[in-house]
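Given next are the chains, with one letter for each unit.
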Amino acid sequence: GNLRGSKSTLFEGGVRVPGIIEWPAVIQSNRVSDFPVVTSDFFPTVGEILGSTPPPSHRVIDGESILPFIQGERETRQQNIKWAFNIRGNPKKSYVAAVLSGRQYKAYIKYKKGKALLSSSVLYDLLEDEAEEMDISTTHPSTFEALHQEVEEWMQSVLGEAK
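Note that the coordinates shown come from a computational prediction; the quantities given were computed from them, not determined experimentally.

Novice: Tell me about the side chain of K106, and name the residues and values.
Specialist: Take K106: it is sitting in strand β3 (residues 105-112). What makes K106 buried here is its relative accessible area of 0%. Here the side chain of K106 touches L10 through a polar contact of 2.6 Å, landing on its backbone oxygen. A polar contact of 3.0 Å, which involves the side chain of K106, links it to the side chain of Y108.

Here is the structure:
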């Protein structure tokens, strides 16, 4: 296809994977959706299905329950999806983090020795540029900065939990 990247990358060609959910008691008819889901959504989803008590508030849960989506009650995410690649709990390495905002904006923030390299980071509008070829970070600076800050906060929670 026209998606950039492959497995082991955070580009759409590496993270966009089809999925199938079958649950006849809840899903009455076939449907196709582009609702983005990430594996960190599974824990809160299963917890909600089982009716379990959420973890204490000091424990960060990266995903969100997709049960409302499965039940046909919601078509948009409440949280952005965030990824980090090549971090392995070591902020001294070089790595890249990404954040997907809804279905439209995706920012890639490159890091070296734990510091963001904003001049090497990019923002794409996936609705206009599914192939992730046109960096719009300079023409959409407020969107880029907001997503960069979100990644920074998330990385701190991830690194804090890894200690």
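Novice: Go over the pairing of β3, please, and point to the residues and values.
Specialist: Among the eight residues in β3, six count as buried, and that is most of the element. The turn joining strand β2 (residues 95-101) and β3, which pair antiparallel and follow one another in sequence, is formed by three residues; a positive phi near 60° is taken by G102. Relative to strand β5 (residues 122-125), β3 runs antiparallel, the two sharing four bridges. Among the inter-strand pairings, K106 is bridged to a residue of β5, identified as Y124. Pairing analysis gives two bridges linking β3 to strand β4 (residues 115-116), with the strands arranged antiparallel. Note that in β4 the partner of K112 across the bridge is K115. From the end of β3 to the start of β4, which pair antiparallel, there are two residues, and K113 there has a positive phi angle of about 55°.

Novice: With reference to specific residues and values, describe the side chain of S121.
Specialist: Turning to its location among the elements, S121 is positioned in the loop between β4 and β5. Engagement of the side chain of S121 in a polar contact is seen with the backbone nitrogen of K110, the distance being 3.0 Å. Leaving out residues up to four positions away in the same chain, S121 has contacts with Y108, I109, K110, D135, S137 and F144.

Novice: Talk me through empty space enclosed by the protein; I want residue IDs and the actual numbers.
Specialist: The full count for this structure, using the stated rule, is one cavity of 30 Å³ or more. Estimated volume of the largest cavity: approximately 40 Å³. Forming the walls of the largest cavity are V38, S40, D62, R77, N80, I81, K82 and W154. A breakdown of the residues in the lining of the largest cavity according to their chemical character gives three nonpolar, two polar and three charged.

Novice: Describe the nonpolar core, with residues and values.
Specialist: Core analysis: the biggest nonpolar cluster contains 14 residues, and A107, I109, Y111, L123, L147, V151 and M155 have the highest contact counts within it. Of all the elements in the fold, those that place two or more residues in this core are β2, β3 and α4 (141-162). Counting residues per element, this core draws most heavily on α4, at five residues. Counting residues in hydrophobic clusters, the runner-up holds eleven residues, among them V38, A98, V122 and Y124.

Novice: Tell me about the confidence of the model for the protein chain, and name the residues and values.
Specialist: When pLDDT is averaged along the protein chain, the result is 88; 93% of the residues meet or exceed 70. Mean pLDDT values for the elements of the protein chain range from 86 in α4 up to 98 in β5.

Reading the values: the criteria
- Residues numbered from 1 in each chain as written.
- Predicted model: local features only at pLDDT ≥ 70, side-chain atom pairs only at ≥ 80, totals over all residues.
- Heavy atoms only, no water.
- Helix = DSSP H or I, 4+ residues; strand = E, 2+ residues; numbered from the N terminus.
- Buried < 20%, exposed > 50% of the residue type's maximum accessible area, 1.4 Å probe, protein only.
- Polar contact = N/O pair within 3.5 Å; in protein donor to acceptor, adjacent residues only side chain to side chain.
- Pairing = 2+ DSSP bridges.
- Contact = heavy atoms within 4.5 Å.
- 1 Å grid on protein atoms, 1.4 Å probe; cavity = no way out; pocket = protein on both sides within 12 Å on 5 of 7 lines; lining within 4 Å.
- Points joined across faces, edges and corners; volume = space filled by probe spheres on them.
- Nonpolar A, V, L, I, M, F, W, Y, C, P; charged D, E, K, R; others polar.
- Core = buried A, V, L, I, M, F, W, Y, C linked by side-chain atoms within 4.5 Å.
- pLDDT = per-residue confidence, 0-100.

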